[in-house]
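Structural overview for review
Take a look at the letters that make up each chain.
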There are 2 protein chains.
Amino acid sequence: MADSNQETHYTENVQNHLKQVEALLDNCILAEEMAAMREPPHEGRHTPPGTSLNKQHFADLRHKLDSLHPADIAYILEALPIEQRLLVWDMVKSERDGEILIEVSDAVRDSLIATMSRDELREAAEQLDTDELADLAPDLPQNVMRDVFKSLSIEEREQLRAAMSYSEDSVGALMDFNMIPVREDVTLEAVSRYLRRFDELPDHTDQVFVTDREDRFKGVLPINLIVVNEPEMVVGDLMLPDTIQLHPEEKAEQAAQAFERYDLVSAPVVDEDGKLVGRVTVNVVLDFVRTQSESDMLSQVGLREEEDIFASVWKSAQNRWAWLALNLCTAFFASRVIGGFEGTIEKYVALATLMPIVTGIAGNSANQTTTIVIRSLALGQITQGNARRLMHKELAIGGFNGLLWGGIAGLFAYFLYRSVALGIVMTGAMLLNLLVGATVGMTIPLVMQKLGRDPAIGSSVMITAITDSGGFFIFLGLATIFLV
Amino acid sequence: MADSNQETHYTENVQNHLKQVEALLDNCILAEEMAAMREPPHEGRHTPPGTSLNKQHFADLRHKLDSLHPADIAYILEALPIEQRLLVWDMVKSERDGEILIEVSDAVRDSLIATMSRDELREAAEQLDTDELADLAPDLPQNVMRDVFKSLSIEEREQLRAAMSYSEDSVGALMDFNMIPVREDVTLEAVSRYLRRFDELPDHTDQVFVTDREDRFKGVLPINLIVVNEPEMVVGDLMLPDTIQLHPEEKAEQAAQAFERYDLVSAPVVDEDGKLVGRVTVNVVLDFVRTQSESDMLSQVGLREEEDIFASVWKSAQNRWAWLALNLCTAFFASRVIGGFEGTIEKYVALATLMPIVTGIAGNSANQTTTIVIRSLALGQITQGNARRLMHKELAIGGFNGLLWGGIAGLFAYFLYRSVALGIVMTGAMLLNLLVGATVGMTIPLVMQKLGRDPAIGSSVMITAITDSGGFFIFLGLATIFLV
């Protein structure tokens, strides 16, 4: 029972695996360091020195790694600092290199590939299916890809070329070629006999695809129907012709929504001539949705890519630059807006203490609006018909919140500085700036969408820039008119 | 070909469906308004008035709705303003109410349930599986749930009680009860015969579960193995005993990671006694991952829940209050920090123009750090061993960026105000505030995690509060010391 419990908590399990690997690594490194005191240091990839004690430690580690799922090894590689990561990578059986390279994050993949020779990379690449190879190809040196390409069959070359020709966010980039085609006029028994020739069906084979002699897609036959129906029945009578078909050029996000909406496990990919060219499976869709949501999170704070948490300071700092530079520019601009009112601030220094309130709340409120708009855009819920209606609604919310929170802030200003005029200027500025925030929070994502850009990237910088500069201008401008 | 193309682009398709429904609705509403000019207005749920022209319009709409997938109807309901939404809801066949209520978002579900009578709700609920019913139950009136509960079998009551007893973010909340158990000692042929008694296997049945007479879980038998092996083989020889098992109390996020890592379609849920109690399927996991990522997005800007985009201004404004109130408090606090340096600002009004630069960049930088830490925490990549190492790294990045961008900001200040001291104060303040940002950006999510709270919720308010107030204090404090 204790044993089965251990298997159950697989997440704790992978963390246990990580701990065990860390402990084994410590042994190896310690032993290596002791050996190094006797031998001269060696260069390049680590190789276990020849003492028997070391050999045992390295054998233990290697044995542990052999027992792990490639995805778990990928997890461990990502969680280890670079020198230990490379030591583990070196211990992994080379015939598993390919499947592990596919699993690790881009940043960590780069760090692994950098240590591998041309031959090692070629061998790793040759272990992969063509759709996996297409994922890995951009990270491989050109000469390696040339070697690999030569080793492929004509059909595989064609598949690889096809898979690499689609953009990263298209259905073509998600598809694999492990579909099993059958003919319409055969019996289930014949299909079963055909399937029995496979030792194992490809992963996620919940259905086989019915095609004609020209490879044209006719429908799908769920495996479950093969199981629950009598063997004499004919494929054509059982197949589902009106099923969802994907196109390789479609947006991957649309395929993901179809998988979510219709609870699919696999779906056929059909080209313009109606020919079956591949299939998409739910595991790939699940990875896509997760990766997408992570990259949305990262891009919201201007991180271009997932960071290897053990990357160098220099590399990580660079990943954060563009965003900070952009924000510095907008901050400089806002600063000059304030600079235009230095005379007013000199007379009423209270304005300097209150102005961040005006900009802060409007920025927060505008970002709420934008988040809702971006989400509704992604779901396709904003139509031309209801866009104006939503604009009115957001303005109403902004106006309402402006009066409420602006009123409170106005009272705050009044009680601090005992000036009714200052309180009114404060309330008026917050109301106006929240209306500005609602307007830009709504229009900027809509305009970006119209220009064909991803509204999730960069909207918030622009919006905050406007509510900052705009807020300073409105507040200090009103103060100049009514207080000076 | 044109036809198959239309089927292919299912997302454009659901938007086409939406447009068609909108057009049909316009006809109905127009006809209804014309009829209303003759008849007195009627109350409650809409019923088509009795003219033959109207009947035709309503029949068209009803026919269109009957042809749609429940998920597509849910999509259309979410995209329609409230009065049109209720008209469509009224047109939907009542035997489909249950499956559609399960599909719509919480906010929209509330708006639909509010219009339904006790009997209608009971009928809708009785159409559902117990696991679906458990999802819907919190939204149903108590008396309805009592009626429904009475209509269930003893086994179903037990399942419903179990499903409702688990917290929303546990595996128990994701599981269903449609698992097919088989015994170890039977042949594949017997299994096939047993399966053939089903008209259709439950969705996502990629494997059947092998149990003993006490319902103890022994292993899984993939359907694919039934298909590719000879009928005489025995289940016990083919089944996979060392397979992933989930526990009902585990975190749903951990199950999601297992599905991603090991590319699962379904997984058994086993209780503490080793008994098979249910299963989790990949479609539920996919929905969970999507919902989770959306609620992360929303909670980052303080939206407690997904908004019905057609909810009233009053309701939407409330959804945004807590966040704005919280931010107003932190802004008041920051304002008082500035207030402490009014004397300094009176002498050097330039400080007022420059201070938002110091706080803005540090806030951005700290939020980058937090985003990376939260992500690494979610992946379980931060261990006690490497936390300090990461802290050092983030401090190094903060220091580096502080010198770089602080230096540029210092030059900006110098060229504007021709004061070397001001430039140095500016650079120093930015450096220090970026270090503060790195420290809190790293420690706040770690502490929240330790306290058992979700680090994704609320971290950014606290961090921005500290980089704001801290930034004003550091900058104006340094200025008071070195400039006055």
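Residues numbered from 1 in each chain as written. Chains lettered and ligands numbered in written order. Predicted model: local features only at pLDDT ≥ 70, side-chain atom pairs only at ≥ 80, totals over all residues.

1. Re the sheet that holds strand S3 (residues 217-222) of chain A
Residue and element names in this part refer to chain A.
- In space, the 3 strands of this open sheet follow the order S1-S2-S3, with mixed pairing throughout. Edge strands, defined here as strands with exactly one partner in the open sheet, are strand S1 (181-182) and S3.
- Here S1 runs beside strand S2 (residues 207-211); their pairing, made up of 2 bridges, is parallel. Across the sheet, the residue bridging to Val-182 is Val-210, located in S2. (Pairing = 2+ DSSP bridges. Helix = DSSP H or I, 4+ residues; strand = E, 2+ residues; numbered from the N terminus.)

2. Structural notes on the domain arrangement of chain A
- Domain annotation for chain A reports domain 1 (2-169), domain 2 (181-282) and domain 3 (313-482).
- Relative placement of domain 1 of chain A and domain 2 of chain A: their C-alpha centres are 34 Å apart. (Domains from an automatic or database assignment.)

3. Remarks on the relation of the copies chain B and chain A
- Once turned by 180° and shifted 0.0 Å along the axis, chain B lies on chain A with an RMSD of 0.1 Å. Look at the turn and shift together and you get a two-fold axis relating the two.
- Of all interface residues in chain B, 100% are interface residues in chain A too; the two copies therefore contact each other through one and the same surface. (Least-squares fit on C-alpha atoms with pLDDT ≥ 70 in both. Contact = placed C-beta atoms within 7 Å.)

4. Section: the interface of chain B and chain A
- Residue-level contacts link 107 residues of chain B with 108 residues of chain A.
- With 15 residues, the single largest contributor to the side of chain B that touches chain A is helix H20 (residues 350-378) of chain B.
- Its residues assigned to classes, the side of chain B that touches chain A shows 53 nonpolar, 34 polar and 20 charged. (Nonpolar A, V, L, I, M, F, W, Y, C, P; charged D, E, K, R; others polar.)

5. As for the confidence of the model for chain A
Residues and elements named next belong to chain A.
- Mean pLDDT over chain A stands at 88; residues scoring 70 or higher make up 94%.
- Scored below 50 in pLDDT, residues 1-11 makes 17 contacts in the model with residues more than four places away or belonging to other chains.
- On the interface metric, ipTM, the complex scores 0.86, and its pTM is 0.87. (pLDDT = per-residue confidence, 0-100.)

6. Notes on the packing of helix H18 (residues 313-339) of chain A against helix H21 (residues 384-417) of chain B
- Axis separation between H18 of chain A and H21 of chain B bottoms out at 10 Å; the angle between their running directions is 35°. As for the relative orientation of H18 of chain A and H21 of chain B, their crossing is right-handed in sense. Together, Val-313, Ser-316, Ala-317, Arg-320, Leu-324, Leu-328 and Phe-332 of chain A of H18 of chain A and Lys-393, Ala-396, Ile-397, Phe-400, Asn-401, Trp-405, Ile-408, Ala-409 and Phe-412 of chain B of H21 of chain B make up the contact between the two elements.
- In terms of residue class, the contact of H18 of chain A with H21 of chain B is built from 12 nonpolar, 2 polar and 2 charged. (Axes fitted to C-alpha atoms, helices over the stretch in contact; angles between N-to-C directions. Left-handed = near helix turned anticlockwise from the far one by under 90°.)

7. Topic: helix H7 (residues 106-113) of chain B
Residue and element names in this part refer to chain B.
- Every buried residue of H7 is accounted for by Val-108, Arg-109 and Leu-112. Buried residues of H7, viewed axially, fall in a sector of 105°; they line one side.
- Its buried side turned inward, H7 meets helix H4 (70-79), helix H5 (82-91) and helix H6 (97-103). (Buried ≥ 20, exposed ≤ 12 C-beta atoms within 10 Å, placed from the backbone. Arc of directions from axis to C-beta.)

8. Let's talk about the pairing of S2 of chain A
All names here are of chain A.
- Counting buried positions over the 5 residues of S2 gives 5, a clear majority of the element.
- Here S2 shows no split at all, with Gln-207, Phe-209 and Thr-211 on one side and Val-208 and Val-210 on the other all buried.
- Read from S1 through helix H13 (residues 188-196) to S2, the crossover connection turns out right-handed.
- Where S2 lies against S3, 5 bridges are found, and the strand directions are antiparallel. Within the sheet, the bridge partner assigned to Val-208 lies in S3 and is Leu-221.
- Counted along the chain from S2 to the antiparallel partner S3, the turn is 5 residues long, and its residue Asp-215 has a positive phi close to 70°. (Right-handed = clockwise from strand over helix to strand, strands pointing away.)

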